[in-house]
Amino acid sequence: MNIEEALVILDTFLEHGLSDVQEIIFRQAWEGQTYPDIAESCGYDANYIKDVGSKLWKLLSQAFGEEVTKSNFRSVLRRRSPRRSLSAAEMQALPTQNGILSEKPQSMPAVLRQSQQTSIGKDGISASSLVIEKQDERKTPVLNSDFLEIPGGSVPLNSFFYIERPPIEERTYTEINKPGSLIRIKAPSKMGKTSLMHRILTHAKQTGVHTVQIGLQRADSQVFTSLEKFLRWFCANVSRQLNLEIRLDDYWDEDIGSKVSCTLYLQEYLLEKIDAPVVLALDEVNRIFEYPEISRDFLPLLRSWYEDASELEIWRKLRLLVVHATEAYIPLDINQSPFNVGLPIKLPEFSLEQMQELAVRHGLDWAKGEKGLEKLAPLLAMIGGHPYLARLALYNLGNQTVTLEQLLKEAPTIAGIYSNYLRHHLANLQEHPELAIALKRVVTSPTSVQLEAIAAYKLESMGLVKLEGNQAISSCELYQLYFREQLT
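Note that the structure is a prediction, hence the values are computed from the model and not measured.

Colleague: I would appreciate a short explanation of the overall build of the protein in the present structure.
Modeller: The helix and strand inventory of the protein stands at 20 helices and 13 strands. Of all intrachain contacts in the protein linking residues separated by at least 6 positions in sequence, the fraction that spans at least 24 positions is 68%.

Here it is as structure tokens:
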């Protein structure tokens, strides 16, 4: 949601709209500005701006029937966005035209129409246009035929095709606002971890805090040759993203060790220098599981920083966001592991209803209603509600390059839309024969199979198996059929 869409929603709920000063405050609060910043930028007294702002949130609280504050107003408006989750009844009511969502003029008692056009980029690809129809308390998005997005990587922040998985987003947005907090996001590959992480970081930025994102998959192999190299690389990255001078040598002391040096660098330099809290996001943390000599020291270090926030005020400025694909398969003391503290978030697969919502957003009118659910059920059974696999299927169906029947028939074959994705997994398994052997046991067994722990965790991180206690089963029918054929 952008600021203009938010203002449209306010016009819907507020009888007299916003005053000029209220709109200034709303716009700049949306950008994460503080009251003193707003006052300075527009030439008003800071106390006056604060008073008008306080009355604005009370006004919105009355209009929306729930408490609205400067820290949560984006979340409140997001729930009333036309991009919110639609019920099955609402989706059935959405008409279509040429396979793309539209609104029939005769059924539109509209008093407001806002068109948001994006320009054509250098590559000649035109972005979407979005028309918001004000229909009582519900708004229906209208999409152009070139709106479909090719699935791949994280879902863009402004994407119409991001499906929320309530209450996960709201819980994480609330938690990241807490001083000294820690959030752990766990899910297999391509389940939406990074997409959620980006949204949490964006939410945090809007509240005025700093954000730092460390992607461990981007680190050179030599970074992992020793704990000292890794921690210096880590501190240098954090410094640069905070736009601070790198002063490692001023704080590094081999006599006290790299862990203490790293901690002092954060505590006495970085956290002291910044003027606001910082959210430190660590993506692909499971990469360091491959380096036990580093993970055994770095992971407890994260835990110690989190616990220091309960005793030292300076550490309350640090909020941790840890993203990983599987459980740590290196031995950690239960009192030193960061994986049993903070807020745990385990991303689930899409439900059938969420698959239906995504299908409708791709302009598939046959997916509406109870009959639509029945038609989508075999697809859910084939791919298990995996977000990336779902988006790839619906993208191809939306472009009419394949029928649902053909897609399901060819899915586990080299002729299907998943061939490249499956071949990538197969190549990875061939490079790690022990994993191939373990997966072969799973896909050829009629019941669950007990696997060696490390193999089980690695296959889980790839998304190929689900773990139920000590037992492993194939994640979905697609993998069962394809790998049964390829690994035998």
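From this point on, the discussion continues.
Colleague: Looking at this model, I keep getting lost on unusual backbone geometry. Mind explaining?
Modeller: Among all residues save glycine, negative phi is the norm, and among peptide bonds the norm is trans. Of note, the amide linkage connecting P166 to P167 takes the cis form, showing an omega dihedral of 0 degrees. By the element assignment, P167 lies in the loop between β5 (138-142) and α7 (168-176). Unlike most non-glycine residues, N243 shows phi in positive territory, near 60 degrees. Residue placement: N243 occurs in the loop between α9 (227-241) and α10 (248-251).

Colleague: Is there a simple way to think about the sheet that holds strand β11 (residues 449-450) in this case?
Modeller: Note: strands within a sheet are paired through backbone hydrogen bonds, in either parallel or antiparallel orientation. On the basis of which strands lie adjacent, the open sheet formed by 3 strands has the order β11-β13-β12 and antiparallel pairing. Across the chains shown, the open sheet's two edge strands, defined by having one partner strand only, are β11 and β12 (465-468). Bridging between β11 and strand β13 (residues 471-474) involves 2 bridges; their strand directions are antiparallel. Note on β13: the bridge partner recorded for Q450 is Q471. Contacts from helix α18 (residues 433-443) reach β11, β12 and β13, with the element oriented near 75 degrees to β13.

Colleague: What is the right way to look at the sheet that holds strand β9 (residues 318-324) in this model?
Modeller: Here we have 5 strands laid out as an open sheet, ordered β7-β8-β9-β6-β10, and parallel in their pairing. Of all the strands in the sheet, the pair left with one neighbour each is β7 (210-215) and β10 (343-346). In this sheet, adjacent strand axes meet at a mean angle of 15 degrees when their direction is disregarded. Both β7 and strand β8 (residues 278-283) contribute to a ladder of 6 bridges, which runs parallel. Within β8, the position partnered with Q213 by the bridge is A281. The strands touched by α7 within the sheet are β6 (182-186), β8, β9 and β10, with β10 carrying the most contacts at an inclination of about 155 degrees.

Here is what the cut-offs are and how they apply
- Residues numbered from 1 in each chain as written.
- Predicted model: local features only at pLDDT ≥ 70, side-chain atom pairs only at ≥ 80, totals over all residues.
- Heavy atoms only, no water.
- Helix = DSSP H or I, 4+ residues; strand = E, 2+ residues; numbered from the N terminus.
- Contact = heavy atoms within 4.5 Å.
- Pairing = 2+ DSSP bridges.
- Axes fitted to C-alpha atoms, helices over the stretch in contact; angles between N-to-C directions.

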